[in-house]
There are 2 protein chains.
Amino acid sequence: MNAPLPLTEVPTSASIDHVLDLHLRLAQGAVQRRFSDIFSDLGITQTQLTTMILIQENAGTSQSDIGRTLQMDRATVMGIINRLEGRGLIQRGQSPTDKRRQTLAITEAGAAMLSIARERSTELGNWLKERFSDAEFHMLAALLKRIHEVDIKAF
Amino acid sequence: MNAPLPLTEVPTSASIDHVLDLHLRLAQGAVQRRFSDIFSDLGITQTQLTTMILIQENAGTSQSDIGRTLQMDRATVMGIINRLEGRGLIQRGQSPTDKRRQTLAITEAGAAMLSIARERSTELGNWLKERFSDAEFHMLAALLKRIHEVDIKAF
DNA sequence: CGATATTGTATGCCTCGCTCACAAATTTAT
DNA sequence: ATAAATTTGTGAGCGAGGCATACAATATCG
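Residues numbered from 1 in each chain as written. Chains lettered and ligands numbered in written order. Predicted model: local features only at pLDDT ≥ 70, side-chain atom pairs only at ≥ 80, totals over all residues. Heavy atoms only, no water.

I'd like to hear about the nonpolar core, residue by residue, with values.
A:I147 and B:I147 are the most contacted members of the largest nonpolar core, which totals 81 residues. Not counting chain neighbours up to four residues away, the residues in contact with A:I147 comprise A:L24, B:A27, B:A30, B:V31, B:W127, B:L128, B:R131, B:F132 and B:L140. (Core = buried A, V, L, I, M, F, W, Y, C linked by side-chain atoms within 4.5 Å. Buried < 20%, exposed > 50% of the residue type's maximum accessible area, 1.4 Å probe, protein only. Contact = heavy atoms within 4.5 Å.)

Requested: an account of the pattern of salt bridges, with residues and values cited.
Under the definition given, this model contains 18 salt bridges over all chains. Note that A:E130 and A:R131 form a salt bridge whose closest N and O atoms lie 3.8 Å from each other. Of the residues examined, A:E130 reaches a relative accessible area of 63% and is grouped as exposed. Residue classification places A:R131 among the buried positions, given a relative accessible area of 9%. A salt bridge links B:R92 to B:E85, with the shortest nitrogen-to-oxygen separation between them at 3.1 Å. Owing to a relative accessible area of 30%, B:E85 belongs among the partly exposed residues under this scheme. What you see here is one network of salt bridges that share partners, running through A:D65, A:R68 and A:R101. (Salt bridge = Lys/Arg side-chain N within 4 Å of Asp/Glu carboxyl O.)

Give a description of unusual backbone geometry that names residues and reports values.
In this structure, A:Q71 is a non-glycine residue whose phi angle is positive, near 60°. Locating A:Q71 in the fold gives a position in the loop between α4 (63-70) and α5 (74-86). (Helix = DSSP H or I, 4+ residues; strand = E, 2+ residues; numbered from the N terminus.)

Quick rundown of helix α3 (residues 46-57) of chain A? Include the residues and the values.
Spanning twelve residues, α3(A) covers 17 Å between terminal C-alpha atoms, matching the ideal 16 Å at 1.5 Å per step. When you tally the buried positions in α3(A), you get ten out of twelve residues, the bulk of the element. (Expected span 1.5 Å × (residues − 1).)

Can you explain the side chain of B:Q28? Please cite residues and give values.
Tracing the chain through its elements places B:Q28 in helix α2 (residues 20-38). Polar side-chain contacts of B:Q28 include one of 3.1 Å to the side chain of B:Q46. Aside from chain neighbours lying at most four places away, what touches B:Q28 is A:D21, A:L24, A:R25, A:Q28 and B:Q46. (Polar contact = N/O pair within 3.5 Å; in protein donor to acceptor, adjacent residues only side chain to side chain.)

An account of α4(A) is requested, with residue identities and associated values reported.
Where burial is concerned, most of α4(A) is hidden: seven out of the eight residues are buried. Buried within α4(A) we find A:Q63, A:D65, A:I66, A:G67, A:R68, A:T69 and A:L70. Those residues of α4(A) that are buried lie in contact with α3, α5, β1 (90-94) and β2 (102-106) of chain A together with α2 of chain B. Of the residues flanking the end of α4(A), it is A:Q71, one or two places downstream, whose phi is positive at about 60°.

So what's going on with the packing of aromatic side chains? Which residues, and what values?
All names here are of chain A. Summed over the entire model, instances satisfying the criterion amount to two aromatic pairs over all chains. With 4.0 Å between their ring centres and 15° between their planes, F35 and F39 make a pair best called stacked. Overall, the relative accessible area of 0% leaves F39 in the buried class. Lying across the ring of F137, K129 places its NZ or CZ 5.3 Å from the centre. (Phe/Tyr/Trp six-rings, centres within 6.5 Å; stacked < 30°, edge-to-face > 60°. Lys NZ or Arg CZ within 6 Å of the ring centre and 35° of its normal.)

Here it is in structure tokens:
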């Protein structure tokens, strides 16, 4: 369920080593792999879980809202919502005020899965925290935030 | 070519805000979008570019080597190599010592594109560096490295 | 009212990432 | 030297995510 294990020598590249975007991508990949390990029995992805949490804690949100928060296209969000609804984890409803909107809500099955998932999240969090002091951990989060937040600010 | 632009209020979640893995994912997404903007005319992805640089600076590497370095499955690497070879940017050859291996090399077209791409990389680097002091920048890289390197160390 | 923007949806295309299975070659063990 | 295990590339298949484009319905603003 993972990439091969490097024990032998592996090619490196001077011009690659200090490139931030590579480290970012590799780190994200590592987390993603760890995530699917930890959550394998729940069959859920990082994006899906985040989406569900967002729905649970913002009753009545719409797909567009989620897209804005998680910086995804409307069409992309729809795919995710379709998959979650297809599994009976969330439910679409009608907004009383705006007929274009669809309110999103967690089903009972979804809530059940979420309560398990939240525990697992702790596990993932610990796996990450192992590597850092508290200060480093918060620093890292803050620095990362600058990357995606400035992306927003640009408009 | 991008996600919608949040100007309005957007749902947030207390339990989501300090989750490191979300910031990591969003940051990576933001970089990816910026990347495809900057490199749009070259029609190349982050992964593809990294792969090509790796090949160029490690003459005769194999697909498996790349997989280990970039932490990707053999099968995944093959897909990437296929696409690059299909566009005539790289070339497969035969290893003189090991008949299982395929040596990878950059074609002339590939080298031409790489020289442009390296300039664009600077642009992406600057876009990132804007947000950070030098110390922060290096700190961030170092912290990220801990995430994917420990992943390796686990074996 | 009319023009403009927002929301959801459908379609289609592409990249990445994985599993499983297989064959050929190489290395290690007996 | 022969047998066993490992490495390498490949093929087929599956699914998620991410995008553009286009369309219809609804809201909002001038």
